[in-house]
Amino acid sequence: MLHGYGLSLLLGGWVTVKLTLWSLGIGLVLGLIGAVGMRSSFRAVRIVCDGVTTIIRGIPELLFVLGIYLGSSVLLNDIASRLGYRDYIEIDAFTAGVMTLSVVFGAYATEVFRGAIQAVDKGQIEAAHAFGMGRITTYRRIILPQMWRIALPGIGNLFMVLLKNTALLSVIGVQELMRNAASAVGYTKEPFTFYLAACVIYLVLTSVSMIGLEWLERRANRGYQRG
């Protein structure tokens, strides 16, 4: 039925999973840094963080994919040549894809985290300061544990979007699910069969992700549900 391309689709699905997980991990860190920066006491830091996230969220992801893939190597080689390094530096498609998805995910996660931090009871923060906790300790022991519970539904939605946005990386040659499905279509001339197979794999991945996210939300809300 799949003319021997079943393994290729499964390998593409595995690359899709790796892209998603790498981008999720890096994007969460970027989003947290952005959210903390937007609440900084320094006005310049707030302006920079707000401006960067606004620009990223206002540009289509496809342009970012092409821009980072085509422009990052040029930029790195230009910087390296100015520093006296003559060998050519090339960023592969997978790395460029992870960079793109991480930056976009981080920009949206910044807003989710910022709203979650603002939703933490201010009385608890004031109590932490009254007990002599510094800013970092307050974040680590009071704000961050509660912020994750509040932010989890929004981060879950962004994760689902991230998983599907990996298909954009097919345009730069990443051998993910859509790229491998398109290659199979090119050889067999059976688009319905292979795009339907890709659709099924995406549905399996999203279904498993939804089950995992629901489990995380139940676990995060256990104490609150009993209350």
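Relevant structure appears above.
Rules behind the numbers
- In this numbering scheme, every chain counts its residues from 1 along its sequence in written order.
- At least 70 in pLDDT is required for a residue's local features to be given in this predicted model, at least 80 for side-chain atom pairs to be given and counted, and no such filter applies to totals for whole chains, interfaces and linings, which use all residues.
- With hydrogens and water stripped out, all remaining heavy atoms of the structure feed into the side-chain values.
- Helix and strand assignments follow DSSP, with helices taken as H or I runs no shorter than four residues and strands as E runs no shorter than two, numbered in order from the N terminus.
- Helix span is expected to be 1.5 Å times the residue number reduced by one.
- To get the bend at a given residue, fit one axis to the seven residues ending there, fit another to the seven starting there, and take the angle between those axes.
- Burial status follows relative accessibility: with a 1.4 Å probe on protein chains alone, a residue under 20% of its type maximum counts as buried, one over 50% as exposed, and anything between as partly exposed.
- Whether two residues are in contact is decided by their heavy atoms, any of which lying within 4.5 Å being enough.
- Inter-axis angles, ranging from 0 to 180 degrees, are taken between N-to-C directions of lines fitted to C-alpha atoms, where helices are fitted over the stretch in contact.
- Relative orientations are named as follows: roughly parallel for angles under 35 degrees, roughly antiparallel for angles over 145 degrees, roughly perpendicular for angles from 65 to 115 degrees, and oblique for any other angle.
- Three classes are used, and their members are as follows: Ala, Val, Leu, Ile, Met, Phe, Trp, Tyr, Cys and Pro are nonpolar, Asp, Glu, Lys and Arg are charged, and the others, Gly among them, are polar.
- Only the six-membered ring of Trp is used, alongside the rings of Phe and Tyr, when aromatic pairs are assigned; centres must lie within 6.5 Å, and planes under 30 degrees apart are stacked while those over 60 apart are edge-to-face, with the rest tilted.

Caption draft 1: The arrangement of helix 3 (residues 61-82) in detail. Across its 22 residues, helix 3 extends 30 Å between first and last C-alpha, which sits within 8% of the 32 Å expected from 1.5 Å per residue. The axis of helix 3 is deflected most strongly, by about 35°, at glycine 71. The complete set of buried residues in helix 3 reads Phe64, Val65, Ile68, Ser72, Ser73, Asn77 and Ala80. In this fold, the buried residues of helix 3 make contact with helix 2 (43-58) and helix 4 (93-119). Directly after helix 3, the chain includes glycine 84, whose backbone phi takes a positive value near 95°.

Caption draft 2: Molecular detail of the environment of leucine 83. Positionally, leucine 83 belongs in the loop between helix 3 and helix 4. Note on leucine 83: relative accessible area 71%, which makes it exposed.

Caption draft 3: Region of the structure containing the packing of helix 6 (residues 135-165) against helix 8 (residues 191-220). Where helix 6 contacts helix 8, the two axes come as close as 10 Å, and the packing angle between them is 175°. Judged by the angle between their axes, helix 6 and helix 8 are roughly antiparallel. Counting all contacts with helix 6, which are made through Arg149, Leu152, Pro153, Gly156, Phe159, Met160 and Leu163, the residues of helix 8 involved are Tyr202, Leu205, Thr206, Ser209, Met210, Leu213, Leu216, Glu217 and Ala220. Of the residues assigned to the contact of helix 6 with helix 8, the class counts are 11 nonpolar, 3 polar and 2 charged.

Caption draft 4: Region of interest: the packing of aromatic side chains. Applying the stated criterion across every chain yields a total of 3 aromatic pairs. Here tyrosine 5 and phenylalanine 194 contribute two aromatic rings whose centre-to-centre distance is 5.8 Å and whose plane-to-plane angle is 90°, an arrangement assigned as edge-to-face. Taken together, the positions of tyrosine 5 in the segment before helix 1 (6-38) and phenylalanine 194 in helix 8 put the pair 189 residues apart, joining distant regions of the chain. The exposure class assigned to tyrosine 5 is partly exposed, which follows from its relative accessible area of 22%. Its relative accessible area of 0% is what places phenylalanine 194 among the buried residues. With a centroid separation of 5.2 Å and an interplanar angle of 80°, the aromatic rings of phenylalanine 113 and tryptophan 148 are classed as edge-to-face. Here phenylalanine 113, found in helix 4, pairs with tryptophan 148, found in helix 6; they are 35 residues apart in sequence, far enough to count as distant. Every member of this aromatic cluster is reached through a ring pair, and the members are Tyr5, Tyr187 and Phe194.

Taken by themselves, the reported measurements are silent on function.
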